[in-house]
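Observations on the three-dimensional arrangement
What follows is each chain in one-letter form.
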Amino acid sequence: MTSFDRVAPPTPIDGTPLSAADPWENNGAHRRGGAAHGREPRKQQSSFVAMLKEIGIIVVSALILSWLIKTLLVQPFYIPSASMEDTLTEGDRVMASRLTPGPFDLKHGDIVVFVDPGGWLPPYPTPDRGPLGNAATSFLTTVGLLPQDTGDHLIKRLIGLPGDEVVCCDAEGRVSVNGTPIDETYIKPGSVPSQDPFEVTVPADMLWVMGDNRQDSQDSRYNRGKPGGGFVPIDNVVGTAFATVWPLDRLNWHNHPSDVFDGVPDAPPAEK
């Protein structure tokens with residue numbers, strides 16, 4: 001009787017026997033493993049898309065927050081001239097509070113940023129940066145990441161509130177407000193309070209403003225023949241500058257000079 005040897009399962013090259021029940025089990029496992037490996041790039045792609053979405057949400061949220069801050073709280077401005085030296089110099093970037101006027105009242109001595117009442121500034125040619133540059137500049141300015149274009153804004157010191165009588169000069173060359181001479185500690189060293197005499201009463205809803213560099217400032221004194229008679233409508237004020245933030249060596253907090261105006265009495269009600 002012929003005996004037959006049992007047929008052994010096929011053995012792969014590495015010597016490991018394959019399962020007799022499913023000689024292709026390992027191959028199936030290999031195929032399943034391949035399918036798993038095939039899904040890995042899709043997982044990575046999904047993670048990358050999710051990361052892009054998160055970045056997009058963060059960027060959009062930051063831009064909206066910046067716009068809200070600029071619209072409601074603070075706004076940066078660029079100083080283009082020497083009219084406020086030495087308090088502010090050409091090239092300074094300042095932050096202005098949008099809360100004044102508004103929740104907080106304007107006060108004597110505030111550094112106010114305001115829209116040109118009419119004819120104070122010469123025509124301003126907007127720099128042409130090309131279509132993309134102009135669009136980017138406009139967008140970044142709108143959301144508050146670039147300082148406001150100074151083409152139609154001015155910055156001066158608030159000297160007269162509605163109803164105030166502002167006069168220059170007394171025997172010592174000082175400006176007087178409501179009959180009280182003031183010692184203006186903020187004007188540029190070497191400047192005089194005014195080289196030209198004047199006497200005005202500030203109308204209702206108006207302001208009288210002057211630069212700290214009195215001999216190089218086209219302020220209320222020199223715009224009396226223009227719309228508003230040299231006065232600035234309160235509605236034109238967009239904020240009060242409270243800090244210089246750039247360049248870093250000019251970093252400074254602008255404390256309010258309340259001591260200069262401590263003795264000034266309140267004005268009678270201003271005439272409409």
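1. Some thoughts on the confidence of the model for the chain
Per-chain confidence: the chain averages 81 in pLDDT, with 70% of residues scoring 70 or above. When the criterion is pLDDT under 50, residues 1-37 qualifies, and its contacts beyond four places in sequence or with other chains add up to ten contacts.

2. Here we look at the packing of aromatic side chains
This model, assessed by the stated rule, comprises four aromatic pairs. Taking 5.2 Å as the distance between ring centres and 35 degrees as the angle between the ring planes, the aromatic pair formed by F198 and W208 counts as tilted. One end of the pair, F198, is in strand β8 (residues 198-201); the other, W208, is in strand β9 (residues 206-210), and ten residues separate them in sequence. As far as the burial class goes, F198 and W208 line up, both buried. Three or more aromatic residues link up through ring pairs in this structure, and these residues are F198, W208 and F231. In this structure, R157 is placed above the aromatic ring of Y186, and the distance from its NZ or CZ to the ring centre is 4.1 Å.

3. Some thoughts on unusual backbone geometry
With an omega of 0 degrees, the peptide bond between E85 and D86 qualifies as cis. Its location among the elements puts D86 in the loop between β1 (74-78) and β2 (93-97). The amide bond that connects W246 to the next residue, P247, takes the cis arrangement and shows omega of 0 degrees. One non-glycine residue with positive phi stands out, namely N178, at about 55 degrees. As for its placement among the helices and strands, N178 is situated in the loop between β6 (175-177) and β7 (180-181). A relative accessible area of 17% means that N178 is categorised as buried. Even without glycine at this site, D205 takes up a positive phi of about 65 degrees.

The rules we used
- Residues numbered from 1 in each chain as written.
- Predicted model: local features only at pLDDT ≥ 70, side-chain atom pairs only at ≥ 80, totals over all residues.
- Heavy atoms only, no water.
- pLDDT = per-residue confidence, 0-100.
- Contact = heavy atoms within 4.5 Å.
- Phe/Tyr/Trp six-rings, centres within 6.5 Å; stacked < 30°, edge-to-face > 60°.
- Helix = DSSP H or I, 4+ residues; strand = E, 2+ residues; numbered from the N terminus.
- Buried < 20%, exposed > 50% of the residue type's maximum accessible area, 1.4 Å probe, protein only.
- Lys NZ or Arg CZ within 6 Å of the ring centre and 35° of its normal.

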